[in-house]
Structure formats: structure tokens, C-alpha cells
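Residues per chain, in single letters:
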Amino acid sequence: MAWKMMDGYEMVIGLEVHVELKTKTKIFCACPTTFGAAPNTQCCPVCMGFPGTLPVLNRQVVHYAVLAGLATGCTIARYSKQDRKNYFYPDLPKAYQISQYDLPLCVGGHLMVETEAGEKRIGITRIHIEEDAGKLVHDPEKGTLIDCNRCGVPLIEIVSEPDIRTPQEAVAYLHKLKAVIEYTGVSDCRMQEGSLRCDVNLSIHKKDEPFGTRTEMKNLNSFTSVQRAIEEEYRRQVEAVKKGEAIVQETRRFDQTTGKTSSMRRKENANDYRYFPDPDLAPIVLSDEVIAGWRKELPQLPDVRKAAYMADYGLTAYAAEQLVSSKYLADYFETAAQSTTAVKMLANLMISEVFRLLDGEDAKIPLNPASLAKIADMTEQSLISVGTAKKTIDALWNTPEAPEEYVTRMGLMQISDEAVLAEYVRKAIDTHPEMVAGYRKGKLTLKNALMGVAMGLSGGKANPVVLQKLIQGIDVPGYATIIVLILLLGSVQLFCIGIIGEYVGRTFEQSKDRPIYIAKEVLDYEQN
């Protein structure tokens, strides 16, 4: 069900997206960052925060963060620093997190996203680097356990402006951001592994009124969860305000099972974290030459590919946006497009059927790109119908059989021979004379019913374009007679209008020497 505004309350959304960088080692030590290792096997005194240890910044973290900033149109700071963010949490051994406060690495970017109302610009306030915390594992028998493998894994936090107004815009922004980050290669963005997590800040207000108090929902790791959490928290806040209840600034948890949000803790302000520059880390100073060199490493980004698909293949903005939503999908599409001239059909089949069959946001397509291209060609050439094309994709999803062999073996080739189809039309007419009679009397909607009968007789294999042409060839004398009468009546009307016009014209010519008397006669007539 599509989201709808309640009682004139507009939602205001800002997103904080945490992205794990694809470095081999952690941000301040040499521990590996391999996902899925046995608990507490990838940590050391530095990332565990033992007294006397000193962090050393991983240069690749800065490199990757700058690439992300350049890809999102940010200004890169020539001078930035790292700060300690102080708070206690069980999975944070040091009791502080090394992050960036007032001098982040990247500021002032934006992304363009496709919405129902067209393209929209969503601002990016900042991108800063920081270390990840550990992970709590809740065991029903042993209690809560701590895995410190994730402590010190490098993150970038991408903070948007509060420019988002609907759940759909939020999801569109996340899709675009994920695509951009994937294209740069700085992260794999595997949401199921926690490589990309989203915090949602949401408040409500009525237009032309100040923004309301915001709440934050933490660690949402799927697009579906983000949309559901936004819709539920919006509903909760609107209903609370209508009851006269105050919205409290707090951190809330979204429960996937119940679809509800619940309070976790009061939301801290910046001064609660007691930020101060980390005394063990030097400032980050970047030269123009270094930034320019890194800029040259940027690949072709989603918006460039989108524009190319629209210009080269005539795709709509929506279709092109869907295809570039991940680098993997765009690469797959371009590989398939090299093997077909029916690129629009290829795009339609990918968006309508391939996307439907994908199991999860990071799933891969088992169907060979050349096979999908061949299915698009066969559909464009009317050898198979669009419905058969979708069935073929489904059937060959996990099998290597060639599309032509499958379609031939299953007898799914479309019938376009007019002589054969004419026989089906004749049978439809013979078996449903009442439809034909009604059609000939002008009930043109019965044409579709006759087409359905003929299509059924063909086993669904009839070419609908050819079949429609044959159905339209049925004589409709009653309808034709009505058209002729209308045309005849129109001709009589035009003839009469012509005679009247000629008479008025002659009268005017005869009376132009006495316009006052004619005017008086007209006035007298109107008064009577």
C-alpha cells in the first residue's frame, strides 16, 4: 500500500548512512577485516583499547573516503582532524569512538534521485571517517556475548540534509547512494553483512510551520526495513501529536516482526559526547595534487551511464535509473545489450522479470546475458509473446539450456501466419455468433472478447497484433451506417449554413446605406 500523508502532516527525514570501507586492515591497526571470522580472532590491544597502545591511521581509509566524497560532489577538506566521541556501550571497549566532529573530511555534496514528481536533489551535509564498534550476540542460554572482531573496522558516515519528504524518496536516495559507492569500489555495500547500515532521523510538521522534534531509528540494514520503519514512525508521531502528546527526542528500535518502533534511550546531543581532538592522531592534511590524482581514479558513475542509456537506447529516465541502481546490474545490462538490437525490450524484461526473480538486494543473476539478449530478440521479432518471454526467463533461470531450444521443445513459438490465425478467427465467429451480431450492431467492446476466444483456441500462441488485424476485418454494417448518416447530416448542415450566410451577406450589402434604421428595427425587436 502506498504511503499517504495524514491530516496534513509532512514528514521531514534525514539519513545517516554508515558504510564499511573495503580495506584489508582496520583503521588504526593491522588486524584483518575479513567478514565471518570466528569471534574475537581479529582483534589486538590497539582495537581493544588497551592502555598504552597508540593508533596509526590507515592511509587507504582517507583515500577511499575522499573517493566517496568526490563521487557525491563534496568539497574535500585540505585540513581535517579526528576527535574522540565519548560514550559507554558494552561493545565499545575503549569507552570512546574515534570519529570526526567539527572538521570532517568531506562537506556539501548531493545526489539526484528519481521520484514520482521527477528528479530531485538531496543534499549531503558531510562525510567523515570513524571506527566501527564491536557486536553484541544475544544467546538464550549464555546471555549477551561480545565479539570484538568489528572493533576498529573503518567506516564512513554519510549524513544527508533533511531534504527527504516520503518513504519512497528515502529508498530512492539509498539506492542511488549504494550504487555510487559500489561504482567507486570503496565498499561492497553488502547490506546483509552490515557493510551498509542506515539510521533514520524523522520529525513531522505542517507546511509553513517549524520542524518538529526528531527521533532516530538505528541500524536498519535493508531498503524494506527503512521504508517500513519510516511509515510506522510517521504514523506513531502523527497519532501522538493529535492526542496532545509531546514527541521526545530519543533513539528508537524498529521491530521487523511486529512492524512497530519502541524506545531504546533518550537521544544524546553533541555536547553529551564531550568531543575533543584525539591527542594521539595528527591532523589530516591533503594537497591539491593528491586530491586531483585521486579524482582521476573515479569510474563512470551511475548518472553518466543513465544519461547514456537514455541517449543511446531511448530509455525513459525511470528505466535507466533502475538499470544503473547497482554496478553489477548495469554491467550485466551492457553485456547483454551487445548481443541484441532489441535493447528496449531487453530493458523491459530486466526490469519486469529479472528484477522480480532476484532473491535479495545483493543477489546475482544466474541467467547468461547472451540468453536474455536472445529472448529479447525473439520477442521483438514476434517469434514469442511477452508472456512467453517471461515464462522462458523463469524456466531458464538456473539452467544452461538455450532459449531457442527451450521454446521449440515446449512448442511456445508464436503463430503469426495469417492463414492459420484466420482459421482460429473463423472458429471463434462460428462458435460465438451472438458476439459477432453484437459487434456488428456497434458493440465494439465485443472485439476483445472475440480476440480472447481466438487466442484461447490457439493455445495462447497467436500473435496479438495479427489477430487484432483479422478481428477488425469483420464487417460492421450497422456501425458503418451510423457513420455515413452522421457525415450526411453534417453535409446538410454545412449546406444550410452556406445559404444563410450568403443571404445575410446580400442583406448587409443592400442595407449599408441606412444603418441607423436597421439598428432601430433591431432595437425595437429586442424591446418587444
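The structure presented is a predicted model; accordingly, all values stated were derived computationally and were not measured. (Residues numbered from 1 in each chain as written. Predicted model: local features only at pLDDT ≥ 70, side-chain atom pairs only at ≥ 80, totals over all residues. Heavy atoms only, no water.)

1. Here's the deal with the overall build of the chain
Each helix and strand in the chain was counted, giving 17 helices and 16 strands. Within the chain, buried positions represent 44% of all 528 residues. For the chain, the accessible surface area stands at approximately 27,700 Å², while carbon and sulfur atoms represent 56% of it. (Helix = DSSP H or I, 4+ residues; strand = E, 2+ residues; numbered from the N terminus. Buried < 20%, exposed > 50% of the residue type's maximum accessible area, 1.4 Å probe, protein only. Areas by Shrake-Rupley, 256 points an atom, 1.4 Å probe, with all protein chains shown as cover.)

2. Focus on the environment of R265
Along the chain, the position of R265 falls in strand β14 (residues 261-266). For R265 and T251, which are 14 residues apart along the polypeptide, the C-alpha to C-alpha distance reads 5.4 Å. Beyond its immediate chain neighbours, meaning those up to four positions away, R265 contacts Y89, K218, E250 and T251. (Contact = heavy atoms within 4.5 Å.)

3. Re the sheet that holds strand β4 (residues 83-86)
Across the sheet, which stays open at both edges, the 3 strands sit in the order β5-β4-β15 with antiparallel pairing between neighbours. In this open sheet, the two edge strands, each paired with only one partner strand, are β5 (96-99) and β15 (276-277). Pairing of β4 with β5, which is carried by 4 bridges, proceeds in the antiparallel orientation. Each bridged residue has a counterpart across the sheet, and for D83 the counterpart in β5 is S99. (Pairing = 2+ DSSP bridges.)

4. Concerning the sheet that holds β14
With respect to topology, 9 strands assemble into an open sheet ordered β2-β6-β7-β10-β1-β11-β12-β13-β14, the strand pairing being mixed. The open sheet has two edge strands, β2 (75-76) and β14, and neither has a second partner. Both strand β1 (residues 9-20) and strand β11 (residues 196-206) contribute to a ladder of 11 bridges, which runs antiparallel. Across the sheet, residue E10 finds its bridge partner in β11, namely H205. Along the sheet, helix α1 (residues 59-71) makes contact with β2, β6 (106-115), β7 (118-131) and β10 (154-160), crossing β7 at roughly 165°. (Axes fitted to C-alpha atoms, helices over the stretch in contact; angles between N-to-C directions.)

5. Some details on empty space enclosed by the protein
Applying the stated criterion to the full structure yields 2 cavities of 30 Å³ or more. Of the volumes computed, that of the largest cavity is approximately 40 Å³. Residue composition of the lining of the largest cavity, grouped by class: 5 nonpolar, 1 polar and 2 charged. What the second largest cavity holds in volume is close to 30 Å³. (1 Å grid on protein atoms, 1.4 Å probe; cavity = no way out; pocket = protein on both sides within 12 Å on 5 of 7 lines; lining within 4 Å. Points joined across faces, edges and corners; volume = space filled by probe spheres on them. Nonpolar A, V, L, I, M, F, W, Y, C, P; charged D, E, K, R; others polar.)

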